[in-house]
Amino acid sequence: MKNIRNFCIIAHIDHGKSTLADRLMEYTGQVAKRDMEAQLLDSMDIERERGITIKLTPVRMNYTYEGVDYVLNLIDTPGHVDFNYEVSRSLAACEGALLVVDASQGVEAQTLANCYLAIENDLEIIPVINKIDLPSADIDAAKAEIEETIGLSAEDAPLVSAKEGLNITDVLDAIVTRVPAPKTDGVANSLKALIFDCQYDNYKGVIIFTRIFEGSVKVGSKIKMFETKGKEFDVTEVGIFAPSMKPVDQLSAGDVGYVCASIKTVSDTKVGDTITDAANPCDQPLTGYKEVKPMVYCGIFPADGSKYNDLKDALEKLKLNDAALTYEPDVSVALGFGFRCGFLGLLHMEIIQERLEREFDLDLVTTAPSVSYRVYTTDGEMMLIDNPTKLPPVTKIDYMEEPIVAAYVYCPPEYVGPVMELCQEKRGVFIDMTYVDTKRVRIAYDIPLNEIIYNFFDTLKSRTRGYASLDYEVKGYVRGKLVKLDMLLNGEMCDALSIIVNEERAYARGRQIAEKLKDAIPRQMFEIPIQATIGNKVIARETVRALRKDVLAKCYGGDITRKKKLLEKQKEGKKRMRQVGSVSVPSEAFMSILKIDE
Amino acid sequence: MATKTLKNFQRNTAIYVHFPFCKQRCKYCTFLSCCNYNLADSYFDALCKELVQNARKDVVITSIFFGGGTPSSVDAKHLQMVFDAIYNNYSVAPNCEVTVECNPESVTQQKVDLFVKNGVNRVSIGLQSANDNTLKAIGRLHNYQQFLDAVNLFVNAGLTNINADLIIGLPESATDFENTLNKVVNLPLTHLSVYALEVYPNSQLDQEIKQGKLAVNQDADYLANLYDVALEKLSKHGYNRYEVSNFAKQGKECRHNLAYWRCQSYFGFGASAHGYMDGIRTENASDISQYVNLINTQGSAVVDSNLIDVAEQMDEYVMLGLRLQRGISVTEFYNRFNCNLEDVYPNVGKLIYLKMLQKREDYFTKEDYISVRPDKFYVLNEILTEIL
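Residues numbered from 1 in each chain as written. Chains lettered and ligands numbered in written order. Predicted model: local features only at pLDDT ≥ 70, side-chain atom pairs only at ≥ 80, totals over all residues. Heavy atoms only, no water.

Colleague: How would you explain the side chain of Arg241 of chain B if you had to name every residue and give the values?
Modeller: Residues and elements named next belong to chain B. Take Arg241: it is sitting in strand E7 (residues 240-243). Here Arg241 is buried and forms no salt bridge, its nearest opposite-charge partner Asp228 lying at an N-O distance of 6.6 Å. Those residues in contact with Arg241 that lie beyond four places of it in its chain are Tyr227, Leu231, Asn246, Phe247, Gln325, Pro374 and Phe377. (Helix = DSSP H or I, 4+ residues; strand = E, 2+ residues; numbered from the N terminus. Buried < 20%, exposed > 50% of the residue type's maximum accessible area, 1.4 Å probe, protein only. Lys, Arg positive; Asp, Glu negative; His and termini not counted. Salt bridge = Lys/Arg side-chain N within 4 Å of Asp/Glu carboxyl O. Contact = heavy atoms within 4.5 Å.)

Colleague: Which residues make up the packing of aromatic side chains, and what are the values?
Modeller: Counting across every chain of the model gives 31 aromatic pairs over all chains. Here Tyr227 of chain B and Tyr378 of chain B contribute two aromatic rings whose centre-to-centre distance is 6.3 Å and whose plane-to-plane angle is 75°, an arrangement assigned as edge-to-face. Pair noted here: Tyr227 of chain B is in helix H9 (residues 220-236) and Tyr378 of chain B is in the loop between strand E15 (368-372) and helix H16 (380-387), with a separation of 151 residues, a long-range link. Residue classification places Tyr227 of chain B among the buried positions, given a relative accessible area of 1%. With a centroid separation of 6.3 Å and 65° between ring planes, the pair formed by Tyr266 of chain B and Tyr276 of chain B is classed as edge-to-face. Note that Tyr266 of chain B is positioned in strand E9 (residues 266-269) and Tyr276 of chain B in strand E10 (residues 274-277), a separation of ten residues in sequence. On the basis of relative accessibility, which here comes to 2%, the residue Tyr276 of chain B falls in the buried class. When the ring centre of Tyr477 of chain A is taken as reference, the NZ or CZ atom of Arg374 of chain A above it lies at 3.9 Å. One cation-aromatic arrangement involves Arg548 of chain A over Tyr378 of chain B; the distance from NZ or CZ to the ring centre is 5.1 Å. (Phe/Tyr/Trp six-rings, centres within 6.5 Å; stacked < 30°, edge-to-face > 60°. Lys NZ or Arg CZ within 6 Å of the ring centre and 35° of its normal.)

Colleague: Talk me through empty space enclosed by the protein; I want residue IDs and the actual numbers.
Modeller: Leftover empty space is mapped by rolling, across the atoms, a probe with the size of a water molecule. Residue and element names in this part refer to chain A. Here the structure, examined in full by the defined rule, presents four cavities of 30 Å³ or more. Within this model, the largest cavity holds a volume of roughly 130 Å³. Every residue lining the largest cavity is counted, 14 residues in all, and those nearest its centre are Arg340, Thr367, Asn387, Asp495 and Ala496. For the lining of the largest cavity, the element with the highest residue contribution is strand E17 (residues 326-332), accounting for three residues. Per-class residue counts for the lining of the largest cavity are six nonpolar, five polar and three charged. Its boundaries defined by the atoms lining it, the second largest cavity holds a volume of some 60 Å³. A class-by-class count of the residues in the lining of the second largest cavity yields three nonpolar, four polar and three charged. (1 Å grid on protein atoms, 1.4 Å probe; cavity = no way out; pocket = protein on both sides within 12 Å on 5 of 7 lines; lining within 4 Å. Points joined across faces, edges and corners; volume = space filled by probe spheres on them. Nonpolar A, V, L, I, M, F, W, Y, C, P; charged D, E, K, R; others polar.)

Colleague: Lay out a nonpolar patch on the surface with the relevant residues and their values.
Modeller: On the surface, a cluster of nonpolar side chains totalling about 300 Å² of accessible area is made up of Phe430, Met433 and Tyr435 of chain A. By the element assignment, Tyr435 of chain A lies in strand E24 (residues 429-437). (Patch = residues over 30% accessible without salt bridge, like charges linked within 9 Å, V, L, I, M, F, W, Y side chains within 5 Å. Areas by Shrake-Rupley, 256 points an atom, 1.4 Å probe, with all protein chains shown as cover.)

Colleague: Help me get a handle on the sheet that holds strand E7 (residues 205-214) of chain A, residues and values and all.
Modeller: Residues and elements named next belong to chain A. Spatially, eight strands are ordered E10-E9-E15-E6-E7-E14-E11-E12 in an open sheet, and the strand pairing comes out antiparallel. Two strands in the sheet have a free side with no partner beyond their single neighbour: strand E10 (232-234) and strand E12 (245-248). Strand-to-strand twist in this sheet, taken as the mean axis angle between neighbours without regard to direction, amounts to 40°. Bridging between strand E6 (residues 192-201) and E7 involves nine bridges; their strand directions are antiparallel. Bridging from a neighbouring strand, Asp201 pairs with Gly205 of E7. (Pairing = 2+ DSSP bridges. Axes fitted to C-alpha atoms, helices over the stretch in contact; angles between N-to-C directions.)

Colleague: How would you explain the pattern of salt bridges if you had to name every residue and give the values?
Modeller: Two side chains carrying opposite charge are able to pair once their charged atoms lie near each other. Residue and element names in this part refer to chain A. For the structure on display, the rule yields 33 salt bridges over all chains. Linking Arg463 and Glu425 is a salt bridge whose minimum nitrogen-to-oxygen distance equals 3.1 Å. Of this pair, Arg463 sits in helix H11 (residues 456-463) while Glu425 sits in helix H9 (residues 416-425), and the two are 38 residues apart along the sequence. For Arg463, a relative accessible area of 25% corresponds to the partly exposed category. Here Glu451 and Arg427 are joined by a salt bridge, their closest N and O atoms 2.8 Å apart. Of the two residues, Glu451 sits in helix H10 (residues 449-452) while Arg427 sits in the loop between H9 and E24, which places them 24 residues apart along the sequence. Given a relative accessible area of 5%, Glu451 falls into the buried group. Taken together, the shared-partner salt bridges connect Glu402, Arg427, Glu451 and Arg505 into one network.

Colleague: Tell me about the pairing of strand E11 (residues 237-241) of chain A, and please be specific about residues and values.
Modeller: Residues and elements named next belong to chain A. Burial within E11 is extensive, with five of its five residues counted as buried. Where E11 and strand E14 (residues 256-260) come together, three bridges link them in antiparallel fashion. Across the sheet, residue Gly239 finds its bridge partner in E14, namely Tyr258. Connecting E11 to the antiparallel partner E12 that follows it, the hairpin turn spans three residues.

Colleague: Give a description of the nonpolar core that names residues and reports values.
Modeller: Of all hydrophobic cores here, the largest spans 157 residues; its most connected members are Leu517 and Ile521 of chain A together with Phe66, Phe154, Leu189 and Tyr291 of chain B. The element best represented in this core is H9 of chain B, accounting for eight residues. Excluding anything up to four places from it in sequence, Leu189 of chain B contacts Phe147, Val151, Ile162, Ala164, Val184, Tyr239 and Lys249 of chain B. In this structure, Met400, Ala407, Ile447 and Leu460 of chain A belong to the second largest nonpolar core, which totals 49 residues. (Core = buried A, V, L, I, M, F, W, Y, C linked by side-chain atoms within 4.5 Å.)

Colleague: Could you give me a rundown of the interface of chain A and chain B, with the residues and numbers involved?
Modeller: The partner chain B presents 37 residues to the 26 residues of chain A that form the contact. Each partner contributes to the roughly 3,300 Å² buried at the junction of chain A and chain B, and carbon and sulfur atoms together form 59% of this total. Note that Arg545 of chain A and Asp221 of chain B form a salt bridge whose closest N and O atoms lie 3.3 Å from each other. Seen at the junction of chain A and chain B, the total is eight residue pairs in polar contact (both at pLDDT 80 or more). Here the residues of the side of chain A that touches chain B are counted per class, giving ten nonpolar, four polar and twelve charged. (Buried area = accessible area lost by both parts, 1.4 Å probe. Polar contact = N/O pair within 3.5 Å; in protein donor to acceptor, adjacent residues only side chain to side chain.)

Colleague: Residues and numbers for H16 of chain B, please.
Modeller: With respect to burial, H16 of chain B is a largely interior element, eight of its eight residues being buried. Among the residues of H16 of chain B, those classed as buried are Leu380, Asn381, Glu382, Ile383, Leu384, Thr385, Glu386 and Ile387 of chain B. Contact partners of the buried residues in H16 of chain B: helix H13 (560-575) of chain A together with helix H12 (310-321), helix H15 (347-353), strand E14 (357-361) and E15 of chain B.

Colleague: Break down a negative patch on the surface for me, citing the residues and quoting the values.
Modeller: All names here are of chain A. Residues Asp304, Asp310, Asp313, Glu316, Glu357, Asp361 and Asp363 make up a contiguous surface patch of negative charge. The dominant element in the negative patch, judged by the number of residues it contributes, is helix H7 (residues 308-320), at three residues. Along the polypeptide, Glu357 turns up in helix H8 (residues 346-359). On the basis of relative accessibility, which here comes to 33%, the residue Glu357 falls in the partly exposed class. (Charge placed at Lys NZ, Arg CZ, Asp CG, Glu CD.)

Colleague: With reference to specific residues and values, describe the environment of Val271 of chain A.
Modeller: Among the structural elements, Val271 of chain A can be located in the loop between E14 and strand E15 (274-277). For Val271 of chain A, a relative accessible area of 13% translates into the label buried.

Colleague: Talk me through the packing of helix H7 (residues 174-184) of chain B against H9 of chain B; I want residue IDs and the actual numbers.
Modeller: All names here are of chain B. Running from N to C, H7 and H9 cross one another at 20°; their axes reach a closest spacing of 10 Å. Here H7 lies roughly parallel to H9, going by the angle between them. Of the two possible hands of crossing, H7 and H9 adopt the one that is right-handed. Taken together, the residues of H9 that come into contact with H7 (itself represented by Ala174, Phe177, Glu178, Leu181 and Asn182) are Tyr222, Leu226, Val229, Ala230, Lys233 and Leu234. Split by residue class, the contact of H7 with H9 holds eight nonpolar, one polar and two charged. (Parallel < 35°, antiparallel > 145°, perpendicular 65-115°, else oblique. Left-handed = near helix turned anticlockwise from the far one by under 90°.)

Rendered as structure tokens:
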């Protein structure tokens, strides 16, 4: 056990984490060079395409240092703020962390946050300065920043270029010499292992990703979980990540690997739970994870109503290795049966939607994202409302509170103007502005979260030509003038289009949505008035004029078949639409209101 | 019951004969037509064979339609062969409507005489536009004066049923279209067909538009506005819109087209012709050589045939019947299919409620009719997708 090193990598997006991981695997001979695929650990298509890491992925490497063989377990972690919880999970399974810092950009806010998390978890942190091959690299400045902002000595920091493969062995050596070997609390016979992730396999059932803290587990062991007491499972396979799953005889204290035990019910395993021997359980479970609370909610409905159960299955499976995803059944008059889902942030939401569509081949209709509001009723009760349709009638509401975030925008000084303008537009309250260095400014604002989830990031990127980055954390709730904005189609309310919005914004939003819907709803048999209303008050109105095209039909003489085919095609198109009262609304119409340019 | 039904609607049968020859192809056309008149001898031989082989005396022919192509451009001897083959082999009713499609430039005194001699009592002339520049641009071989001359020849020969075809949305201005209307309403015509221009992919028109040589406005609202202009102007001059695209003076409705819309049976002879006999819809080979070959070797040129089951028959009846201003007779539907229209199509009631359809009793026949409201013909297809 003294020859095992468990470590993770902390880095900001784009600072080269995945590339460094690739390099480490290549240098330890884990992957032959010819099999190297860029960003090997980002196994999901979405991860590779977007160049981001979403899921943590473990891998085991063998390395010889001064004649002694070592096992290095790397648990890759995501860098985006939305996936913070994933980071905390991998930290709990490690003794050390590589802190990768871009030599030209220095320490970013997100890196800092994760770094503090690592320090809290008593991890040994090894700074690594990456991208030293870039002309803009300023190694001394990067070192100084690490020492100043984090208080870590950067003197011995390996200086590398993961892209060019420079000085990679320095990193490996540092891992062996500086990351402590796993330690156990004395001699323990009974198994104590942390579940840090899960996957579902159609043949093997749930695959548990685990770090063994004490004892051992092998095929035939009887295990049980702390939280799902009573249920016992026979272990059918144990293995390591090399980097793909490879069965081994047994996993013992200090190891990182996977365990299969014919667990068919997804809810029987919970990330953060402790596995132990069924016959001889340990007394105390390991400290689990902090429960993560979703911040952004939206309705997800199958485009084809009959796919409800498929969607349910898919969500269940995603939930298995994404503890932060929450969902509960929802029903909409317009969209039928679906789910109200909770996410950590917008990116998380997008990723889940994309995974549902790609990995499970589902066509989805999603509703506008919402945050969770505190609604104080006249009865003196407080309700948490994340779904506009669940909002009590206006007469029952005393007042409402909305979540506020502390938002930090980093950008070059020349974009300070546009950024502040945007934050102001988004009802932001200016906190302060500091120069991180001559090239970068950090602008702090308190902004209502519901403004952030509504087009903030895209607008920020476009107004700063992509130079600005955004971090935010929830600060608390403040009282707000909030109203429910409803959309009426031909006089019928379409529940799936309702949103909760600040009163001042309601007029503009109502007008924008009405305009979008006007373009997205095809002309039909009759004129369709589109109205945006607050209570009984109409605040915007558009009209989809009635169709007028059928008088222009071509005569096909005696060829009836062609005419029939045309009608059938038209009928098919209609079937794919949703009925809101007498109006047919295509799925795209619901989606079109999600992206509104300002 | 079934046989009775069949007999009922086969009693009045139409004959369509296709003449796939044109002196020059119009740029927008997708109908089967060919400019090589050398194929005519073998084609009309085959056509007459087909006419003879399908001869039936148990049905009464109430309308005959020579379509194309340009039937009037075909040699007199070929036309005569076809007339003879029909009259010698079919029971043609004494008052049968006999229509020949003509292009103005091919209408001569000789042809007119031939037509009249053979019982032609209705002609359909392709005018498309009264604007000579437009006619040139779309590849027509005639000008407006030639059209007037043709009309005169027919009128002088005693024809009292003359149709002109017009096209909405040609490469011309809205004013040009109005001018055309203003001119034709004062002519001794009795019927007008008004269709919208359709630009088919890869047609010559399509290519010339893409090359920027021609410009057409295909906006549905623009076209609908032009249609409205036509509707208003023609109504003022005694034309009744008895079908979505067809306008007729009283009693001059085209019986042949009505046969299609009322799901009556019809023979389809010639290349690419469609027929509907004994409940079977058929389609002939659409290539002239293939057609000739099939007739000569197999005795039939049918390349596709479908038995229309009762459910389909009902759908067709509704789909085609609602194109008519009169709509569908609830009584006739019952007599034909032995069930109630509104039981089969429950949405009819809803559409009446939504003021898309209307139900009224015919003053003379006392039959109930379901029809599309006059101002809802714009959404006919939408209405149909709701019903079917």
